[in-house]
Protein chains: 2
Amino acid sequence: MLLKEKLSDRTQNMGENIIREILKVVSKPGMISLAGGIPSPESFPTEIFPELFKTVQEKYKTEAFQYGPTEGFFPLREALVPILKKEGLNVSPQEIMITSGSQGTLDALGKILINKGDLVAVESPTYLGALSAFNPYEPQYIGIKSDDDGLIPEYLEEALKNNSVKFIYLIPTFQNPTGRTIPQSRRVEIARIIKKYDALLIEDNPYSELRYSGSHIKTISSLIPENSVYISTLSKLFAPGLRIGYFVAPEIIRHWLTLAKQGIDLHTSTLNQALAAEYITSGYLEKQIPQIIELYRPKQEMMLYALNKYMPNGFTWSKPEGGMFIWVEGPTHLEMKEVNKICIENSIAFVPGEVFFSNPDQGKNCLRLNFTMISPEIIENSIKKLGNIFKSLPNS
Amino acid sequence: MLLKEKLSDRTQNMGENIIREILKVVSKPGMISLAGGIPSPESFPTEIFPELFKTVQEKYKTEAFQYGPTEGFFPLREALVPILKKEGLNVSPQEIMITSGSQGTLDALGKILINKGDLVAVESPTYLGALSAFNPYEPQYIGIKSDDDGLIPEYLEEALKNNSVKFIYLIPTFQNPTGRTIPQSRRVEIARIIKKYDALLIEDNPYSELRYSGSHIKTISSLIPENSVYISTLSKLFAPGLRIGYFVAPEIIRHWLTLAKQGIDLHTSTLNQALAAEYITSGYLEKQIPQIIELYRPKQEMMLYALNKYMPNGFTWSKPEGGMFIWVEGPTHLEMKEVNKICIENSIAFVPGEVFFSNPDQGKNCLRLNFTMISPEIIENSIKKLGNIFKSLPNS
């Protein structure tokens with residue numbers, strides 16, 4: 001059978017996830033990967049799980065294993081209320097919905113919002129997983145220019161003034177891939193612009209609790225809740241393999257997202273939602289966060305120190321106060337995709353920056369580095385190695 | 001903000017899931033529900049879970065809580081090989097993919113296969129969850145006529161001859177909503193027709209292990225593997241709240257479904273996949289199946305007995321050899337949607353048959369009954385009550 005003829009047109013928008021392809025290559029033994037974006041297993045509350053599981057089974061009995069409501073397991077929705085309060089969102093449990101990872105929110109939002117050809121505004125660069133979620137719904141993108149302080153409000157205003165934009169997708173804090181954070185004053189300005197054009201913001205906030213220095217900044221959604229969908233996840237603070245994401249949105253979005261999710265997966269794993277609810281309400285999450293920060297802070301400090309020490313002239317990089325990534329910009333003549341091949345031959349890998357742009361001609365001289373999975377010692381060695389590779393290239 | 005204007009056109013195809021709406025109504029205390037479609041919590045291996053969890057944590061350590069491959073957790077894919085062999089499917093673990101419930105397969109298949117306006121052939125009536133999964137991708141349906149032996153091959157051939165059909169969706173064994181099973185001879189004929197027109201079959205098989213009488217019949221996919229996507233789930237044999245589905249498909253479908261799933265939810269819960277793998281490989285599944293059968297068989301026998309005893313003339317019903325449902329057809333003048341309202345006032349509920357038809361003008365005089373959630377005693381009482389309500393209606 002010519003199965004290819006059976007494929008829908010939208011498959012043409014589904015590219016290989018290049019990061020997953022790189023991760024396959026770098027899973028070989030001896031390879032040092034700065035390419036991943038996954039939490040360290042040391043950050044998981046491994047020793048607490050048996051107790052959590054026992055509590056869940058005693059407390060919820062067979063309910064923990066049964067079909068559950070599409071909107072989410074109510075004890076988890078209740079448990080998330082104080083967590084959202086810290087982000088400036090004063091909501092009831094009913095206003096919170098649970099999805100299968102924040103990827104689950106992004107896909108379902110794409111489904112209920114995007115018509116073929118609709119304009120979606122994204123930071124440039126932006127999160128690859130968001131593009132993977134939206135692409136099958138065949139939008140067009142406007143990449144909004146960013147600087148060291150993230151999205152530049154003037155460019156957002158220009159985009160909204162001149163175009164009919166379906167929504168704006170942002171990661172304002174410790175962005176993936178850049179690690180950049182939009183400062184408070186700029187958040188106020190972005191909120192004002194979104195309000196002025198009565199636009200819709202999708203604010204993705206997976207990293208804000210991973211802050212290693214500086215002070216917490218409130219979400220943009222807290223300034224304009226009626227124009228915002230706020231998304232977060234427990235993947236970085238509990239365990240990503242449990243696939244628990246959540247969001248807060250205006251009623252009409254929750255209504256349609258519930259209907260969409262019924263068709264997508266009926267509901268998110270009840271057992272995993274119950275484990276997450278107990279993890280939060282038992283106070284374990286609050287104890288775990290400082291431990292995760294203490295685990296990651298020295299890694300990030302070492303990477304910044306090593307970049308400073310080993311990278312040749314002509315390179316700059318972000319200096320994030322948290323998160324999981326550092327963004328490096330090299331001389332404009334360098335094609336990081338090619339450099340990565342040389343690096344992989346030398347048992348080291350990163351992600352070339354161009355994969356994070358909706359317009360594939362950008363970011364060719366950039367790369368993303370991750371520091372969560374390896375020790376400070378290995379981080380220093382690998383950045384030294386990386387610096388030496390760059391120094392050995394012609395024209396550098 | 002006029003958020004309504006932000007919605008995609010495809011939301012117009014997302015109806016309320018009427019069963020979920022009915023289930024909300026019938027969750028009131030004192031209500032007897034024949035409307036559900038969920039496994040009895042008594043069928044869950046509740047007492048085994050602590051051991052499974054312990055084994056998973058010892059064996060897989062932090063891997064059980066980490067991000068995993070989109071295709072599925074390899075030990076589970078391996079564990080499913082012998083289960084698929086029983087259905088006549090001789091496949092390697094690599095040919096098996098895991099999804100978030102079989103709903104997750106249906107949604108992702110819709111995404112990679114259906115263009116707006118494409119024709120999808122379904123049994124008439126068919127599974128509501130499949131329509132919920134496909135509808136957002138805006139197909140058109142051809143409902144293929146069924147009789148007591150399920151889909152009628154001649155009508156399928158006519159549909160394939162005269163139309164360009166994207167795929168045929170069938171539940172050949174203990175169908176939802178009718179409980180009907182397509183006999184072996186008719187399966188051979190359906191396979192021949194699909195092969196002749198080089199069509200694509202999506203065979204959904206969630207219930208075949210729930211057989212209370214008669215002999216096992218092999219899947220249609222086993223006759224034409226290269227023209228088939230075979231879908232099943234652990235929801236009826238392990239625990240539905242864990243959301244573990246799986247499928248077998250030709251390579252190109254698996255390739256695109258993997259890319260689609262990266263955008264939908266990255267992967268299915270690693271922890272739940274690991275629990276399922278241990279449940280199967282430790283031999284617990286094989287021990288659990290006879291227990292589930294012994295739990296459901298008397299319920300189904302009682303429902304068939306009570307229908308025979310209490311239903312007025314003019315009613316017929318399916319006599320399934322397994323599964324979770326019985327399909328009742330009443331006199332043509334009866335509108336079961338209206339009758340259900342009277343029943344709900346009398347603290348009893350079913351699902352009106354019309355919701356299971358892609359063409360909403362059909363099945364108005366039909367209803368679906370479920371027997372898994374209540375005891376034989378309550379089944380007898382409720383069918384007696386139902387019979388009395390029907391007898392009390394004018395014109396009956």
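What counts as what
Residues numbered from 1 in each chain as written. Chains lettered and ligands numbered in written order. Predicted model: local features only at pLDDT ≥ 70, side-chain atom pairs only at ≥ 80, totals over all residues. Heavy atoms only, no water. Helix = DSSP H or I, 4+ residues; strand = E, 2+ residues; numbered from the N terminus. Rg over C-alpha atoms; globule rule 2.2 N^0.38 Å. Buried < 20%, exposed > 50% of the residue type's maximum accessible area, 1.4 Å probe, protein only. Contact = heavy atoms within 4.5 Å. Areas by Shrake-Rupley, 256 points an atom, 1.4 Å probe, with all protein chains shown as cover. Lys, Arg positive; Asp, Glu negative; His and termini not counted. Charge placed at Lys NZ, Arg CZ, Asp CG, Glu CD. Pairing = 2+ DSSP bridges. Axes fitted to C-alpha atoms, helices over the stretch in contact; angles between N-to-C directions. Salt bridge = Lys/Arg side-chain N within 4 Å of Asp/Glu carboxyl O. Parallel < 35°, antiparallel > 145°, perpendicular 65-115°, else oblique. Nonpolar A, V, L, I, M, F, W, Y, C, P; charged D, E, K, R; others polar. Expected span 1.5 Å × (residues − 1). Least-squares fit on C-alpha atoms with pLDDT ≥ 70 in both. Phe/Tyr/Trp six-rings, centres within 6.5 Å; stacked < 30°, edge-to-face > 60°. Domains from an automatic or database assignment. Polar contact = N/O pair within 3.5 Å; in protein donor to acceptor, adjacent residues only side chain to side chain.

**Q** Lay out the overall build of chain A in plain terms, naming residues and giving numbers.
**A** A count of helical and extended segments in chain A gives 13 helices and 14 strands. Taken against the 2.2 N^0.38 rule, which gives 21 Å for 396 residues, the C-alpha radius of gyration of chain A at 21 Å falls within 12% of a compact globule. Dimensions along the principal axes, computed over C-alpha positions, put chain A at roughly 60 × 60 × 55 Å. In chain A, which comprises 396 residues, the proportion classed as buried is 65%. Look at the contacts in chain A between residues 6 or more apart in sequence, and 74% of them connect residues 24 or more apart. Per element, the accessible surface of chain A, about 14200 Å² overall, is 51% carbon and sulfur. With 41 positive and 44 negative side-chain charges, chain A shows a spacing of 2 Å between the two charge centroids.

**Q** Just give me the short version of the sheet that holds strand 4 (residues 140–147) of chain B, but keep the residues and values in it.
**A** Residues and elements named next belong to chain B. Read across the open sheet, the eight strands follow the order 2-9-8-7-6-3-4-5; overall the sheet is mixed. Of all strands in the sheet, those with a lone pairing partner are strand 2 (96–100) and strand 5 (150–151), marking the two edges. Two elements, strand 6 (residues 165–170) and strand 7 (residues 201–204), share three bridges in a ladder whose sense is parallel. Considered in strand 7, the bridge of Leu170 is made with Glu203. Strands in contact with helix 7 (residues 153–162) are strand 4, strand 5 and strand 6; relative to strand 4, the strand with the most contacts, it is inclined by about 155 degrees.

**Q** Outline the pattern of salt bridges, listing residues and values.
**A** Oppositely charged side chains can pair when the atoms bearing their charge come close. All names here are of chain B. Following the criterion strictly, the structure yields 36 salt bridges over all chains and no others. The partner of Lys196 in a salt bridge is Glu157, with the nearest N and O atoms 2.8 Å apart. In this pair, Lys196 is assigned in helix 8 (residues 184–196) and Glu157 in helix 7, connecting sequence segments 39 residues apart. Owing to a relative accessible area of 15%, Glu157 belongs among the buried residues under this scheme. The closest approach of N and O atoms between Lys364 and Glu354, which form a salt bridge, is 3.3 Å. Note that Lys364 is positioned in the loop between strand 13 (351–352) and strand 14 (366–370) and Glu354 in the loop between strand 13 and strand 14, a separation of 10 residues in sequence. Of the residues examined, Glu354 reaches a relative accessible area of 13% and is grouped as buried.

**Q** Account for unusual backbone geometry, with residues named and values stated.
**A** A cis amide bond, omega 5 degrees, links Ser124 of chain A with the succeeding residue Pro125 of chain A. You can see Pro125 of chain A is positioned in the loop between strand 3 (119–124) and helix 6 (128–134). Looking along the chain, the bond that leaves Asn176 of chain B and enters Pro177 of chain B is cis, with omega of 20 degrees. Considering the arrangement of structural elements, one finds Pro177 of chain B in the loop between strand 6 and helix 8. We note that Phe174 of chain A has phi near 50 degrees; this positive angle belongs to a residue other than glycine. Tracing the backbone shows Phe174 of chain A in the loop between strand 6 (165–170) and helix 8 (184–196). Here the phi dihedral of Ser347 of chain B falls at roughly 60 degrees; this positive angle occurs in a residue that is not glycine.

**Q** Account for the packing of helix 5 (residues 101–113) of chain B against helix 9 (residues 251–264) of chain B, naming residues and giving values.
**A** Residues and elements named next belong to chain B. Relative to each other, helix 5 and helix 9 sit at 110 degrees, their axes nearing to 9 Å. The pairing of helix 5 with helix 9 is recorded here as roughly perpendicular in orientation. Contacts between helix 5 and helix 9 involve Thr105, Asp107, Ala108, Leu109, Lys111, Ile112 and Leu113 from the first element and Ile253, Trp256, Leu257, Ala260 and Ile264 from the second. Looking at the contact of helix 5 with helix 9 residue by residue, the class counts come to nine nonpolar, one polar and two charged.

**Q** Any details on helix 9 of chain B? Residues and values, ideally.
**A** All names here are of chain B. Counted at 1.5 Å a residue, the expected span for helix 9 with its 14 residues is 20 Å, and the 20 Å between its end C-alpha atoms agrees. With 11 of 14 residues buried, helix 9 lies mostly within the body of the structure. Regarding helix 9, the residues found buried are Ile253, Arg254, Trp256, Leu257, Thr258, Leu259, Ala260, Lys261, Gln262, Gly263 and Ile264. Note on helix 9: the residue one or two positions beyond its end, Leu266, has a positive phi of about 65 degrees.

**Q** Can you break down the relation of the copies chain A and chain B residue by residue, with the values?
**A** Expressed as a screw operation, the relation of chain A to chain B combines 0.0 Å of axial shift with a rotation of 180 degrees, fitting to an RMSD of 0.0 Å. On this basis, the relationship between the two copies can be described by a two-fold rotation axis. When you check the interface residues of chain A against chain B, 100% turn up at the interface there too, and the contact is symmetric in its surfaces.

**Q** If you had to explain the packing of aromatic side chains to someone new, which residues and values would you point to?
**A** The final tally for this structure, using the stated rule, is 23 aromatic pairs over all chains. Residues Tyr60 of chain A and Phe73 of chain A carry aromatic rings whose centres are separated by 5.0 Å and whose planes lie at 80 degrees to one another, so their mutual orientation is edge-to-face. Taken as a pair, Tyr60 of chain A in helix 2 (residues 49–60) and Phe73 of chain A in the loop between helix 2 and helix 3 (74–79) lie far apart in primary sequence, 13 residues in all. A centroid spacing of 4.1 Å and a plane angle of 20 degrees characterise the contact between Phe238 of chain A and Tyr279 of chain A, whose relative ring orientation is stacked. Remark: Tyr279 of chain A occurs in helix 10 (residues 270–281) and Phe238 of chain A occurs in the loop between strand 8 (228–233) and strand 9 (245–248); sequence separation between them is 41 residues. For the pair Phe238 of chain A and Tyr279 of chain A, one class covers both residues: buried. Every member of this aromatic cluster is reached through a ring pair, and the members are Phe49, Phe238 and Tyr279 of chain A together with Phe65 of chain B.

**Q** Break down the environment of Glu47 of chain B for me, citing the residues and quoting the values.
**A** Here Glu47 of chain B shows up in the loop between strand 1 (32–33) and helix 2 (49–60). Spatially, the C-alpha atoms of Glu47 of chain B and Ile220 of chain B are 36 Å apart, while their sequence positions differ by 173 residues.

**Q** Describe the domain arrangement of chain A, with residues and values.
**A** Residues and elements named next belong to chain A. Domain assignment breaks chain A into domain 1 (3–44 + 287–392) and domain 2 (68–283). Between domain 1 and domain 2, the contact holds 32 residues from the first and 36 residues from the second. The interface formed by domain 1 and domain 2 holds one salt bridge in total. Across the domain 1-domain 2 interface, the total number found is 11 residue pairs in polar contact (both at pLDDT 80 or more).

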